[in-house]
Amino acid sequence: MTILNVRHTTVYRYRRAVRLGDHRLMLRPRDSHDLRLISTNLIFSPAASVRWIHDVFGNSIAIASFAEAAAELRIESRLQLETYVVERPRFEIAAEAASYPFIYSADDRIDLGRMLERHHPDRSDRLGAWARAFVRGNRTDTLALLADLNAGVKAAISYQSRETEGTQTPLETLNRGWGSCRDLAVLLIEAARCLGFGARIVTGYLYNPLADHGSTAAMSAGTTHAWADIYLPGAGWIAYDPTHGTVNGSNLIRVAVTRDISQAVPVAGSFVGAPGDYLGMTVDVTVAPERCAEASSA
């Protein structure tokens, strides 16, 4: 068990005071067997009234409304949570799904729905052919296939941090050979769907404990992150992170799950003003174990 403190600050700046529309925040994780939320706090400048809803996937969504115009909007989310590493030597997949190809049950197919379907045009089936190249024979070990596919995305696509909004299509990422974590996640999900797997987007935070020990390889102990969940009967949703080539990594802090990347924006909102009023935004994330937080406040 590890207790972590997460601070996620988003700042929007404008040339003059503008009227702020409602902002939709997807920043609060859900309790589960591997994560327990101890405390949460949202801090706004200017002040905001907040109401909470659940989206169609069951994610907790805060809707912030602002009465005051401002030239700067600051949204800070503070979380304290416990994470638990579930040790298991091998995923316990249902016998009928241990070898690929397999067929999901009728109930699973209904419930997975659009998460089984490809979401992006591929008229020449380039991505489909690329994904099928990982299938080694008529009966392929399912876990080995997905591990190879995950590693294949990491090997084929160079990671590049990108501050611009939006996500590349899977074919754009494959053609360019580079992308952000969300681009790699979308590519893996679409490739898995090409092979008939149910897959979904996961967004949250990446905790890098090496940064807490002064590793020069790590720039920060925490950052926003996106990865893929792939559903296997008997094992359930398994986390695949193509950015790092890991499976069910203990450094992933899940906040939200969605069918499509466009539904998984941590902070989204609007303002009323002239086209040139918007000056840009900055995002800062820190993730620190409880001992570090205590030391820094001493």
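Residues numbered from 1 in each chain as written. Predicted model: local features only at pLDDT ≥ 70, side-chain atom pairs only at ≥ 80, totals over all residues. Heavy atoms only, no water.

A. Structural detail: helix α3 (residues 142–156). When the terminal C-alpha atoms of α3 are compared, their 21 Å separation across 15 residues agrees well with the 21 Å that a helix rising 1.5 Å per residue should span. Considered for burial, the residues of α3 that qualify are T142, L143, L145, L146, L149, N150, G152 and V153. The N-cap residue of α3 is D141: its side-chain oxygen and the backbone nitrogen of L143 are 3.2 Å apart. (Helix = DSSP H or I, 4+ residues; strand = E, 2+ residues; numbered from the N terminus. Expected span 1.5 Å × (residues − 1). Buried < 20%, exposed > 50% of the residue type's maximum accessible area, 1.4 Å probe, protein only. Polar contact = N/O pair within 3.5 Å; in protein donor to acceptor, adjacent residues only side chain to side chain.)

B. Region of interest: the confidence of the model for the protein chain. Looking at the protein chain as a whole, its pLDDT mean stands at 91, while 91% of the residues score no less than 70. Residue range residues 292–298 is modelled with pLDDT below 50. Its contacts to residues more than four positions away, or to other chains, number two contacts. (pLDDT = per-residue confidence, 0-100. Contact = heavy atoms within 4.5 Å.)

C. Representation of the pattern of salt bridges in the model. Counting across every chain of the model gives 13 salt bridges. With its nearest N and O atoms 4.0 Å apart, the salt bridge here joins D55 to R24. Separated by 31 residues along the polypeptide, D55 in the loop between β3 (49–54) and β4 (60–65) and R24 in strand β1 (residues 2–28) bring together distant segments of the chain. For R114, the salt bridge is made with E117, and the minimal N-O distance between the two is 2.9 Å. E117 gets classed as partly exposed once you look at its relative accessible area, which sits at 39%. Through salt bridges that share partners, R118, D122, D125 and R132 make up one connected network. (Salt bridge = Lys/Arg side-chain N within 4 Å of Asp/Glu carboxyl O.)

D. Seen up close, the packing of aromatic side chains. Taken as a whole and judged by the stated rule, the model has ten aromatic pairs. An angle of 55 degrees between the planes, with centres 4.8 Å apart, marks the rings of Y14 and F271 as tilted. Residue Y14 is found in strand β1, and its partner F271 is found in strand β15 (residues 267–272); the two are separated by 257 residues along the sequence. Since its relative accessible area comes to 6%, Y14 is described here as buried. With a relative accessible area of 26%, F271 lands in the partly exposed category. Summarising the aromatic geometry, the rings of F44 and F66 are spaced 5.9 Å apart at their centres and angled 75 degrees between planes, so their arrangement reads as edge-to-face. Note that F44 is positioned in strand β2 (residues 35–45) and F66 in the loop between β4 and β5 (70–83), a separation of 22 residues in sequence. (Phe/Tyr/Trp six-rings, centres within 6.5 Å; stacked < 30°, edge-to-face > 60°.)

E. Representation of the environment of T246 within the structure. Assignment of secondary structure puts T246 in strand β13 (residues 246–247). A relative accessible area of 27% places T246 in the partly exposed class. Residues T246 and A62, 184 residues apart in the sequence, show an inter-C-alpha distance of 31 Å. When sequence neighbours within four positions are dropped, the list of residues in contact with T246 reads N150, A239, Y240 and D241.

F. Quick peek at the sheet that holds strand β11 (residues 222–232). With respect to topology, five strands assemble into an open sheet ordered β13-β12-β11-β10-β14, the strand pairing being antiparallel. Of all the strands in the sheet, the pair left with one neighbour each is β13 and β14 (252–258). Direction of pairing for strand β10 (residues 198–207) relative to β11: antiparallel, over a ladder of ten bridges. By the bridge assignment, L206 is partnered in β11 with T223. Sheet strands in contact with α3 are β11, β12 (236–241) and β13, and its direction is about 30 degrees off that of β12. The strands that helix α5 (residues 181–194) touches are β10, β11 and β12; relative to β11, the one it contacts most, it runs at about 5 degrees. (Pairing = 2+ DSSP bridges. Axes fitted to C-alpha atoms, helices over the stretch in contact; angles between N-to-C directions.)

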